[in-house]
Amino acid sequence: MTAIALDLDGVLADTRPLWRDWLEDAARRARVDLSSVPEDRVAAASVLDDQLGDWRPLLQRFADDRAPLHFRPRPETGAVLRRLQAGGTRIGVVTDAPRELADVALAHVGAARRVDVVGTLDEIRRELGPDVQIVRSRDELGDLQ
């Protein structure tokens, strides 16, 4: 296997609860209604640009502060990633989460230095090739052993 793409939320760290907490906090602090923000976080970015302006540093700060409450390393996952990387497998992470949130999550679960590329599935396929194996759950990752 030369390349795999891990679903961030399904395999490494579920970022959605932290994302929802941040949306609630940002709406309260900025006194804006963010209830129309789409579930798809790529699409949400343009809505947030319109309603909050420079929202990414706010998300970064919030995620940095609260990440220890949401994300924990999993030794078995780390062991599989180490083994794959040592065997020459390139590792991508697929997510619709903003890069700021994805980077914080990867750092807190101990996967950041094992990952070659982070982005949408299209971005991962451009970087790692169209035949990249998609891994959507921890069980699927464990089956790669």
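For the structure, check the block above.
The model shown is predicted, which means the values in this text are computed figures rather than measured ones.

Some thoughts on the nonpolar core
Considering soluble globular proteins, one finds that nonpolar side chains tend to be buried as a cluster.
Next, step 1: Ranked by internal contacts, the top residues of the largest apolar core, which has 42 residues, are Leu6, Leu12, Trp19, Trp22 and Leu48.
Next, step 2: The set of elements that each furnish at least two residues to this core consists of strand S1 (3–7), helix H1 (8–12), helix H2 (16–30), helix H3 (41–52), helix H4 (56–70), helix H5 (75–86), strand S2 (90–94) and helix H6 (99–108).
Next, step 3: Once you skip the residues sitting within four places of it in the chain, Trp22 turns out to touch Leu48, Leu52, Trp55, Leu58, Leu59 and Phe62.
Next, step 4: In this structure, Ile124, Leu128, Val132 and Ile134 belong to the second largest nonpolar core, which totals eight residues.

Quick look at the environment of Ile4
Next, step 1: On the secondary structure map, Ile4 appears in strand S1.
Next, step 2: Overall, Ile4 belongs to the buried group, its relative accessible area being 0%.
Next, step 3: Beyond its immediate chain neighbours, meaning those up to four positions away, Ile4 contacts Leu84, Thr89, Arg90, Ile91, Gly92, Leu128, Val132, Gln133, Val135, Leu141 and Leu144.

Section: the layout of surface pockets
Next, step 1: Quantified by volume, the largest pocket comes out at close to 190 Å³.
Next, step 2: Lining the largest pocket are Trp22, Asp25, Ala26, Arg29, Ala30, Leu52, Leu58, Arg61, Phe62, Asp65 and Arg66.
Next, step 3: For the lining of the largest pocket, the secondary-structure elements that each account for two or more residues are H2 and H4.
Next, step 4: When grouped by side-chain class, the residues that make up the lining of the largest pocket number six nonpolar, no polar and five charged.
Next, step 5: In this model, the second largest pocket occupies a volume close to 160 Å³.
Next, step 6: Val42, Asp96, Ala97, Pro98 and Arg99 are the residues nearest the centre of the second largest pocket, which is lined by 14 residues in total.
Next, step 7: Residue assignment for the lining of the second largest pocket shows that the elements contributing at least two residues are H3, H6 and strand S3 (117–119).
Next, step 8: Counting residues per element, the lining of the second largest pocket draws most heavily on H3, at three residues.
Next, step 9: Residue composition of the lining of the second largest pocket, by class: six nonpolar, three polar and five charged.

Here is what the cut-offs are and how they apply
- Residues numbered from 1 in each chain as written.
- Predicted model: local features only at pLDDT ≥ 70, side-chain atom pairs only at ≥ 80, totals over all residues.
- Heavy atoms only, no water.
- Core = buried A, V, L, I, M, F, W, Y, C linked by side-chain atoms within 4.5 Å.
- Buried < 20%, exposed > 50% of the residue type's maximum accessible area, 1.4 Å probe, protein only.
- Helix = DSSP H or I, 4+ residues; strand = E, 2+ residues; numbered from the N terminus.
- Contact = heavy atoms within 4.5 Å.
- 1 Å grid on protein atoms, 1.4 Å probe; cavity = no way out; pocket = protein on both sides within 12 Å on 5 of 7 lines; lining within 4 Å.
- Points joined across faces, edges and corners; volume = space filled by probe spheres on them.
- Nonpolar A, V, L, I, M, F, W, Y, C, P; charged D, E, K, R; others polar.

Fair warning: the whole summary comes from geometry, so function is off the table for now.
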